[in-house]
Amino acid sequence: MTALLTTSALTVRFGGVIAVNNVSIEIQPKRLYGLIGPNGSGKSTLLGAISRLTKSTEGTMTFRQSDYTALPAFKVAHMGIARTFQTVRLLPSLSVIDNVMLGADFRHFGSSIFAPWLVPGWSTARERAVRNAAENAIVRLGIEEYKEIKPDVLPYGIQRRVEIARALAGGPDLLLLDEPTAGMTKTEREEIGALLRRLCDEGLTQILVDHDVGLVVDVCDEVYVMNSGSILAQGVPADVVQRADVQEAYLGKRHR
Ligand SMILES: Nc1ncnc2c1ncn2[C@@H]1O[C@H](COP(=O)(O)OP(=O)(O)OP(=O)(O)O)[C@@H](O)[C@H]1O
Ligand SMILES: [Mg+2]
């Protein structure tokens, strides 16, 4: 199978810190990947490098077999790579639907900061397309009832759903999720896990960073484990998490 995304000897340095060290991964299409590892092991930085919001220092990346190592982040979004962030980053002055519409618009029309539907009375084919995409994403995330509300008054779990909807609304080919279930209850986490699994079964390739190892084992097809910036292990989640070196690094104790 041809990989959708590859990184080859990818390295990210922040001054003297090597946050991502010589990482080579292959992401096959229509699969859900877990990316786990202890705090500070480089997971968010790797997602940042893949989305080009963080500059890589060495190595290369391809998407659909084309090298995009030097592309600016907005062009990477246009190519079809979307992400959510570890902390909620929604625009507090806009309603949920407008936040999600910005995500849809960014993918398809993105280099402009002008969102025409925010101007009263302005209605265009572009707005209709964007609104449709946003409405669909909102339904998928089960947040229709919050559509007209500003996100900062909503419970944290709902805000996280809005972020996923925003990333989804652009119709990405690869979705990078940085701890989307952080701060959620167990039931909410299971719901998000089931949703991500469903999206994958419908053909969406995803990389999921999550500290809930049980969730990753339950929903992911494959897992990469990072430790100190490097890939420590890769494979079938249920097998990989049993490995002694993974347990030692990730859980901080040796498998007994
Ligand atoms: N902008 C930055 N400047 C300097 N160092 C950074 C920066 N971002 C991350 N780091 C460092 O890079 C390393 C990897 O951090 P990163 O946030 O990628 O880890 P992580 O695996 O996502 O951790 P967590 O599970 O806590 O989210 C850490 O040592 C961190 O302190
Ligand atoms: Mg992180």
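Everything below is about the structure printed above this text.
Starting afresh in each chain, residues are numbered from 1 along the sequence in its written order. Labels follow written order: the first chain is A, the first ligand is 1, and so on. With pLDDT at 70 or above as the cut-off, local features in this predicted model cover only qualifying residues; side-chain atom pairs require 80 or more to be listed or tallied, and sums for whole chains, interfaces and linings still use all residues. Each side-chain value is derived from all of the structure's non-hydrogen atoms; neither hydrogens nor water enter the calculation.

Asker: Whenever I open this one, the nonpolar core confuses me. Can you help?
Answerer: The nonpolar side chains of a soluble globular protein tend to be buried, and buried together. Ranked by size, the top nonpolar core spans 45 residues in total, and within it V96, V100, L141, I143 and L208 carry the most contacts. The element that contributes the greatest number of residues to this core is helix 5 (residues 156-169), accounting for 7 residues. For this analysis, residues touch if any pair of their heavy atoms sits within 4.5 Å. The contact partners of V100, leaving out residues within four places of it in the chain, are A134, A137, I138, V162, A165, R166 and A169. Listed in part, the 26 residues of the second largest apolar core include F63, Y68, V76 and M79. The nonpolar core is taken to be a set of buried Ala, Val, Leu, Ile, Met, Phe, Trp, Tyr and Cys residues, with the residues joined through side-chain atoms within 4.5 Å. Throughout, exposure labels follow a simple rule: accessible area from a 1.4 Å probe, protein chains only, divided by the maximum for the residue type, with under 20% read as buried, over 50% as exposed, and the rest as partly exposed. Secondary structure follows DSSP: runs of H or I at least 4 residues long count as helices, runs of E at least 2 residues long count as strands, and numbering of each begins at the N terminus.

Asker: When you look at the coordination of the magnesium ion (ligand 2) in this model, what are you seeing that I'm missing?
Answerer: For a metal with four tetrahedral donors the ideal donor-metal-donor angle is 109.5 degrees, while six octahedral donors give ideal angles of 90 or 180 degrees. Water is not among the atoms examined, so metal sites may look incomplete; donors are the N, O and S atoms within 2.8 Å of the metal, or within 3.2 Å for Na, K and Ca. On the protein side, the magnesium ion (ligand 2) has S44 (OG) and Q86 (OE1) as donor atoms, found 2.0 to 2.2 Å from it. Of this pair, S44 sits in helix 1 (residues 43-51) while Q86 sits in the loop between strand 6 (81-84) and helix 3 (96-109), placing them 42 residues apart in sequence. For Q86, a relative accessible area of 35% puts it in the partly exposed group.

Asker: What's the story with the packing of aromatic side chains in this structure? I'm lost.
Answerer: Pairs of aromatic rings are described using the distance from one ring centre to the other and the angle between the two planes. A pair of aromatic rings is counted whenever rings of Phe, Tyr or Trp (Trp by its six-membered ring) have centres within 6.5 Å, and the orientation is called stacked for planes under 30 degrees apart, edge-to-face for over 60 and tilted otherwise. Per the stated rule, a full pass over the model turns up 1 aromatic pair. Geometrically, a lysine NZ or arginine CZ counts as sitting over a ring once it is within 6 Å of the ring centre and also within 35 degrees of the ring normal. When the ring centre of F85 is taken as origin, the NZ or CZ atom of R89, which lies over that ring, is 3.8 Å away.

Asker: How should the pairing of strand 1 (residues 5-14) be read in this particular structure?
Answerer: Across a regular strand the side chains alternate sides, sitting on one face of the sheet and then on the other. As paired elements, strand 1 and strand 2 (residues 17-27) share 7 bridges and run antiparallel to each other. Looking at the pairing, L10 lines up with V23 of strand 2. The criterion for strand pairing is that DSSP finds at least two bridges linking the strands in question. The loop that links strand 1 with its antiparallel partner strand 2 comprises 2 residues; one of these, G15, has a positive phi angle of about 60 degrees.

Asker: What am I meant to see in the sheet that holds strand 5 (residues 66-67) here?
Answerer: Picture the strands of a sheet paired through backbone hydrogen bonds; they go either parallel or antiparallel. Within the open sheet, the 4 strands sit side by side as 2-1-4-5. Their pairing is antiparallel. Two strands in the sheet have a free side with no partner beyond their single neighbour: strand 2 and strand 5. Of the pairings in the sheet, the one linking strand 1 to strand 4 (residues 58-63) comprises 5 bridges and is antiparallel in character. Residue pairing across strands places T7 opposite M61, the latter belonging to strand 4. Geometry is summarised by axes, namely lines fitted to C-alpha atoms with helices restricted to the contacting stretch, and by angles between N-to-C directions that run from 0 to 180 degrees. Helix 1 rests against strand 1, strand 2 and strand 4 of the sheet, and its axis sits at about 115 degrees to strand 1.

Asker: Would you mind going over the site of ligand 1 with me for this structure?
Answerer: Here a residue is near a molecule or strand as soon as one of its heavy atoms is found within 4 Å of it. Looking at ligand 1, there are 13 residues lining it, with G40, K43, S44, T45 and Q86 nearest. Interatomic distance of 2.7 Å between a side-chain N/O atom of K43 and an oxygen atom of ligand 1. Polar contact is the term for a pair of N or O atoms within 3.5 Å; when the atoms are in protein, one must be able to donate a hydrogen and the other to accept it, and sequence-neighboring residues count only if both atoms are side-chain atoms. The separation between an oxygen atom of ligand 1 and a polar side-chain atom of S44 is 2.9 Å. Each accessible area value is a Shrake-Rupley result obtained with a 1.4 Å probe; residue values ignore everything except the protein chains displayed when judging cover. For ligand 1, whose free accessible area comes to 640 Å², the fraction covered by protein is 61%. The leading source of residues in the shell around ligand 1 is helix 1, at 3 residues. Classifying every residue of the shell around ligand 1 gives 3 nonpolar, 8 polar and 2 charged. Each residue receives one of three labels: charged for Asp, Glu, Lys and Arg, nonpolar for Ala, Val, Leu, Ile, Met, Phe, Trp, Tyr, Cys and Pro, and polar for the others, Gly being one of them.

Asker: Explanation requested: the packing of helix 4 (residues 125-140) against helix 5 in the structure shown.
Answerer: Helix-helix packing: each pair is described by the crossing angle between the helix axes and the interaxial distance. Between helix 4 and helix 5, the shortest axis-to-axis distance is 8 Å and the interhelical angle comes to 140 degrees. Considering their axes alone, helix 4 and helix 5 lie oblique with respect to each other. Between helix 4 and helix 5 lies a crossing of right-handed hand. Here helix 4 contributes A133, A134, A137, I138 and R140 to the contact with helix 5, which in turn contributes A165, L168 and A169. Looking at the contact of helix 4 with helix 5, its residues break down into 7 nonpolar, no polar and 1 charged. By definition in this entry, angles of less than 35 degrees are roughly parallel, angles greater than 145 are roughly antiparallel, angles of 65 to 115 are roughly perpendicular, and the rest are oblique. Crossing handedness is defined as follows: a turn of the near helix away from the far one that is anticlockwise and smaller than a right angle gives a left-handed crossing, while the clockwise case is right-handed.

Scope: geometric values only; no functional claims are made or implied.
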